[in-house]
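Working through the structure, step by step
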Amino acid sequence: MTSQMEIPINQAADIIVSARKVVVFTGAGVSTESGIPDFRSPGGIWTKYQPILFQDFMSSEEMRRESWRRGKETYHLFADVEPNPAHRAVVELERLGKLDCVITQNIDNLHQKAGSSPDLVIELHGTAMYVLCMECGKRWPRAEIQKWLEEGVEIPYCDECGGIMKSATVSFGQAMPEKETMEAQLRSQRAEVFIVVGSSLVVYPAAHMPMVAKQSGAKLIIINLAETSFDMYADVLIRGKAGDVMQRLVERVKTKVGTKR
Ligand code: NAD
């Protein structure tokens, strides 16, 4: 660790040690070290695909065909990845009794795969692990639908009602899940400490959460490789890799609370 990072990591650890309700807010940057590219870094997903808007997916068969073609191609990107030290550090915070919840913009299930309690993970943008019928609500594991696609189905339709099937992720133009959004707002308001890890903080309304937390009195810690538009509001700003920084941060917390000699 560079000496530059030593000071903010120590400051962040002091803040966490003196708090109980720590909310961790994660974006695509927490999973890049697991091999899933983010959206906005060079080489990220934006540079390869234009997003398909929800309205276009629902109204156009051609768009659904294209969406499932991409889904078939990128499936293994999500299915075969493992959590990294950043996800595991969040699990450690939970074990230390410090974690209130994880609010994630990610759809990759890696917090749960690392061992975070599923009921403490709020998925703001849904999950890539399931597919939903938009008519009757039937739900399938994404792995099952991958088999259909690999057997030659180009656009899957519900085997119960014939309805349009869509990944259980939130597309651009699609309404945010009401329960998760309200829960995230509430937890952000009540947070004593709010840690942003690996998010450019440009996707709204998710990116609104750090401000809700800060305005409600939380200490704001931002851990990100690139600048974010919220950096000026951070009590502690750590420009570094999520895996490295989170692991060191949690080790420091453990030392301070005396669980590690
Ligand atoms: P983003 O791509 O806008 O920003 C990611 C940020 O993480 C960037 O600022 C980048 O500098 C930083 N970063 C990249 N690697 C890092 C690392 N190793 N350590 C620390 N920081 C790192 O992502 P976003 O803010 O999450 O918003 C994009 C949207 O894309 C979200 O809504 C999310 O749902 C979706 N998305 C999810 C996944 C996933 O589930 N893994 C992947 C790509 C995009």
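If you look the protein chain up in an unreviewed UniProt entry, it shows as protein acetyllysine N-acetyltransferase from Candidatus Abyssobacteria bacterium SURF_17.

Let us look at the domain arrangement of the protein chain. You can read the domains of the protein chain as domain 1 (1-36 + 83-125 + 176-261) and domain 2 (43-80 + 127-169). Here domain 1 and domain 2 have C-alpha centroids that lie 29 Å from each other. Taken together, the 8 residues of domain 1 in the interface contact 8 residues of domain 2. Approximately 660 Å² of surface area, both sides summed, lies buried where domain 1 meets domain 2, with 65% of it carried by carbon and sulfur atoms. When the buried surface of domain 1 facing domain 2 is broken down by residue, I36, I107 and H125 rank first, second and third, together holding 59% of it. For the pair domain 1 and domain 2, the interface holds 0 salt bridges. There are 1 residue pair in polar contact (both at pLDDT 80 or more) connecting domain 1 and domain 2. Among the residues forming the side of domain 1 that touches domain 2, the class breakdown is 2 nonpolar, 3 polar and 3 charged.

Here is what the cut-offs are and how they apply
Residues numbered from 1 in each chain as written. Predicted model: local features only at pLDDT ≥ 70, side-chain atom pairs only at ≥ 80, totals over all residues. Heavy atoms only, no water. Domains from an automatic or database assignment. Contact = heavy atoms within 4.5 Å. Buried area = accessible area lost by both parts, 1.4 Å probe. Salt bridge = Lys/Arg side-chain N within 4 Å of Asp/Glu carboxyl O. Polar contact = N/O pair within 3.5 Å; in protein donor to acceptor, adjacent residues only side chain to side chain. Nonpolar A, V, L, I, M, F, W, Y, C, P; charged D, E, K, R; others polar.

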